[in-house]
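# Results of the structural survey
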Amino acid sequence: MLGEARAAGRLGEYLGKAEPAELVAGANRFGPPQGDPAIVPALKDDQLLGFVYLNSDFANATGYSGKPIQLLVGITPKGVVTGLKMVEHKEPIVLLGIPEKRVVDAVNKLIGADMDRVARGTAPAPQVDIVSGATVTVLVMGDSIVRSATKLIKGGRLGGQGGIAAAAAAPQARKTIDPGKGEIRDWETLVGDGSVRRLVLSVDDVNKAFEKSGNAAAAAHPEEGDPDDTFIDLYVADVAVPAIGRSLLGDDGYNRLAGRLKPGQQALVVAGSGRYSFKGAAYVRGGIFDRVELIQDTNSIRFRDRDHTRLGSLEAEGAPHFPEIALFVLPPEFTFDPTEPWVLQLLVQRVVGAKDKAWLTFDLGYTLPDGYIKREPAAPAQQQAATSAAPPPAVAAGPAKRAAGTPFVAEDEPLWMKIWRGNVVSIGITIAALGALTLIFFFQNSLVRRPRVYVWVRRGYLLFILVWLGWYANAQLSVVNVLTFANSLLTGFSWEYFLSAPLIFLLWAAIAAGLLFWGRGPFCGWLCPFGALQELLNNIAQAIKIPQYRLPWGLHERLWPIKYIIFLGLFGMSLYSTALAEQLAEVEPFKTTIVLKFAREWPYVIYALTTLSAGLFVERFFCRYMCPLGAALAIPGRVRMFEWLRRWPECGSPCQRCAKECPVQAIHPEGHINVNECIYCMHCQELYFDDHRCPHMIQVRLKREKRDALSSPSMRSGGTGPNTIITAGGKPINLPPVGAITPPPT
């Protein structure tokens, strides 16, 4: 009774936000809740017209925000959807840009769908329309409606599935994974016996599928290239099964994985090649892999970046090279039975207009081969009911002969090492670049004495950082990395998560060391691809005579704290919701310009272009006033141990040359350098040693020249002195010989 009351209260919390007729046509009141989870009759006076339920009570409805998208669903007793209403959501994509009506209209396509036929398997599941920029949100909503409705029907509470539900409730043999079965096998054997399942699509297959879909716009934009070219070659396997896991990950890799898995938790390896990526780019900006979905019965899940580990290669003998290999660990709360069939659904998108996309799904079915399964006699009815609510049996998480409770054997090579092995060239190039930058810093005095050489060394290095490290390797750091690190310290730190991205890890390690020596400058001034793009564009702007603006010192001093406010706001939000903080971190245009190379929705592109345009007139505008990552680095950067930037006593009083020429105005009028704002461009050090621009050095040079002139042979007794040419207005003045000059009378 308590459970029913709680379920009824959950549904009742939202019923007040909708009128009965909005969900079931003709209804004028709701009846009392029924069952657990609760459904509510929709009545016209005393006549039953249908039922209303909450989608999240029956199916996964978790969106980008990590919280359920709550929908009230109206459905007839025969299983036909009659109405939908979104009553609550926390989706930042919908809250911040895309109209809610547009999302709801896309999902309303399901109204009128006969879910009884879907539950019986006589009709395919209906699909919703894609909304560009909110793909995952719309798909989650649509899937939750379809799966919740079919679950109600299969459970005998709606439609004509009562007999099937009763049959399903009959005692069946209990199936578990047998950890003692199976041996390490090569790739060909794994594929041949079904341990690894495959989906291969050619360009022609995809084009024909869009033609058959009836979407004329999609058919009019066919995939280009040879029809026989591979569009995608996709493989999947359950590597929590000991024999499969050891074959694909190796003994050490499997032991490492098993140490992470909780009882009953599963993990999948997904590998793909071809022109279409099963990962896509959504996980970069939103943390969700929107192109693949795991489906079992009425449960489904789209993996998030926290569930994902990149793999460099597969250990099975004869395994081909895959450009994309992902290890996905299923969340412990997701109900999944590895002994029952499941489907990995691939979403194939096609752009059909400036804002519109069409999409189709292709199913990669998976059934664990019988050789890995152990069957036990059915339990008595009472025990069967008691155990039906228990989680799936635990999968053996270690060697088959390991006794229960025995600690796992420490492995010599964890999974992250395999990732590093697969990126040896990129790692080597990155280490070489970091080494070159270290040499530049340690020998900066020798380099800045040659301004022409230094300028081209700096521009060449920034160009390398932009093109190779940024656009090619996508190693653009973000304030999201800082928020993730801080969150991991609170929720459970794991080195493996951070080591799984080698270039990002190397950069952060270098920055941590650099903070002790130089502050934030090494990253902001040299290693940030977006910062490099800003500076190079400003160099071009100056070359073509675009006017440069220098903000008054008082205004500049009041604007630079903005970036600290942005960072503290994001950090505070991350303590409440990391997912929401990641969305707000779009204040950084890094993903749009560097990672996605402007292949994004137009609001993001316009924002990125606006910040870059501002930098054409005010050098490094974004770095100075808006960058939360720069603020995050400046705070610990104050603990630096050395002062590498030299100053003369005259700097600031009376000389203001360095302060006026500093590209980011990091030098106070009093002469001292604000290390929180300094990007270590070393322009002030060029001036420091330049005896034609620095007033102090000019005086030193003139004194030296005078001393040299007085000590020269021409100035000795009997000499004629130096042959000095005096000019006025750029022309030499002819003076009479010294002997011809008559002193004035006294």
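See the structure printed just above.
What follows concerns the pairing of strand E13 (residues 324–329). A large share of E13 lies buried, amounting to 6 of its 6 residues. Both faces of E13 are covered, namely the face carrying Glu324, Ala326 and Phe328 and the face carrying Ile325, Leu327 and Val329. As judged from the 6 bridges shared by strand E9 (residues 267–273) and E13, these two strands associate in the antiparallel manner. Across the sheet, residue Gly272 finds its bridge partner in E13, namely Glu324. As defined by bridge partners, strand E12 (residues 308–310) adjoins E13 across 3 bridges and the pair is classed as antiparallel. Considered in E13, the bridge of His308 is made with Phe328.

Before going further, it helps to spend a moment on the state of the cysteines. For the structure on display, the rule yields 0 disulfides. Cysteine Cys662 shares no disulfide, and the gap to the nearest cysteine sulfur, in Cys681, comes to 5.7 Å. Classification of Cys662 by relative accessible area gives buried; the value is 9%.

With respect to topology, 5 strands assemble into an open sheet ordered E1-E2-E3-E4-E5, the strand pairing being antiparallel. Bordering the open sheet on either side are strand E1 (29–30) and strand E5 (81–88), each of which pairs with just one other strand. Alignment of E1 against strand E2 (residues 40–44), held across 2 bridges, turns out to be antiparallel. Looking at E2, one finds that Phe30 is bridged to Ala42.

With that out of the way, let us pick up a nonpolar patch on the surface. A surface patch of nonpolar side chains, about 370 Å² in accessible area, is lined by Leu516, Val639, Met641 and Phe642. Residue position: Val639 is located in the loop between helix H29 (628–637) and helix H30 (657–661).

Attention now moves to the packing of aromatic side chains. For the structure on display, the rule yields 31 aromatic pairs. Geometrically, the ring pair formed by Phe441 and Trp526 is edge-to-face, given 5.8 Å between the ring centres and 80° between the ring planes. Here Phe441, found in helix H15 (residues 424–442), pairs with Trp526, found in helix H21 (residues 521–527); they are 85 residues apart in sequence, far enough to count as distant. Judged by relative accessible area, Phe441 falls into the buried class, the value being 1%. Geometrically, the ring pair formed by Phe530 and Phe590 is tilted, given 5.3 Å between the ring centres and 45° between the ring planes. In this pair, Phe530 is assigned in helix H22 (residues 529–543) and Phe590 in helix H26 (residues 590–595), connecting sequence segments 60 residues apart.

The next thing to look at is the nonpolar core. One finds Phe441, Phe523, Trp526, Leu527, Leu629, Tyr680 and Met682 to be the most contacted residues of the largest nonpolar core, which totals 74 residues. It is helix H17 (residues 451–472) that contributes the most residues to this core, 7 residues altogether. Apart from residues no more than four positions distant in its own chain, Tyr680 is found in contact with Phe441, Gln444, Arg458, Trp518, Gly521, Trp526, Trp644 and Leu645. Residues Leu257, Val270, Ala271 and Phe362 belong to the second largest nonpolar core, which totals 62 residues.

Attention shifts here to unusual backbone geometry. Each neighbour pair has its own omega, and for Asp36 with Pro37 the value is 0°, a cis peptide bond. Turning to its location among the elements, Pro37 is positioned in the loop between E1 and E2. Unlike most non-glycine residues, Tyr680 shows phi in positive territory, near 60°. Tracing the chain through its elements places Tyr680 in the loop between H30 and helix H31 (683–689). The exposure class of Tyr680 is buried, given its relative accessible area of 4%. Despite not being glycine, Met682 shows a phi value in the positive range, around 70°.

The next point concerns the environment of Phe621. On the secondary structure map, Phe621 appears in helix H28 (residues 621–625). Among the residues examined, Phe621 registers a relative accessible area of 25% and is labelled partly exposed. For the pair Phe621 and Glu535, spaced 86 residues apart in the sequence, the C-alpha separation amounts to 9.7 Å. If we ignore the near neighbours within four places in the chain, the residues touching Phe621 are Gln534, Ala614, Gly615 and Met626.

A few words now on the pattern of salt bridges. In the structure shown here, the tally under the stated rule is 21 salt bridges. In this structure, Arg275 and Asp229 form a salt bridge, with 3.5 Å as the shortest nitrogen-oxygen distance. Taken together, the residues span a long stretch of sequence, with Arg275 in the loop between E9 and helix H12 (282–286) and Asp229 in the loop between helix H10 (216–219) and strand E8 (230–238) at a distance of 46 residues. The class for Asp229 is partly exposed, based on a relative accessible area of 32%. Glu535 is the salt-bridge partner of Arg620, the closest N and O atoms lying 3.0 Å from each other. Of this pair, Arg620 sits in the loop between helix H27 (602–617) and H28 while Glu535 sits in helix H22, and the two are 85 residues apart along the sequence. The two residues Arg620 and Glu535 agree in class, both being buried. Within the structure, one salt-bridge network assembled from shared partners comprises Asp143, Glu293 and Arg302.

Conventions we followed
- Residues numbered from 1 in each chain as written.
- Predicted model: local features only at pLDDT ≥ 70, side-chain atom pairs only at ≥ 80, totals over all residues.
- Heavy atoms only, no water.
- Buried < 20%, exposed > 50% of the residue type's maximum accessible area, 1.4 Å probe, protein only.
- Helix = DSSP H or I, 4+ residues; strand = E, 2+ residues; numbered from the N terminus.
- Pairing = 2+ DSSP bridges.
- Disulfide = S-S within 2.5 Å.
- Patch = residues over 30% accessible without salt bridge, like charges linked within 9 Å, V, L, I, M, F, W, Y side chains within 5 Å.
- Areas by Shrake-Rupley, 256 points an atom, 1.4 Å probe, with all protein chains shown as cover.
- Salt bridge = Lys/Arg side-chain N within 4 Å of Asp/Glu carboxyl O.
- Phe/Tyr/Trp six-rings, centres within 6.5 Å; stacked < 30°, edge-to-face > 60°.
- Core = buried A, V, L, I, M, F, W, Y, C linked by side-chain atoms within 4.5 Å.
- Contact = heavy atoms within 4.5 Å.

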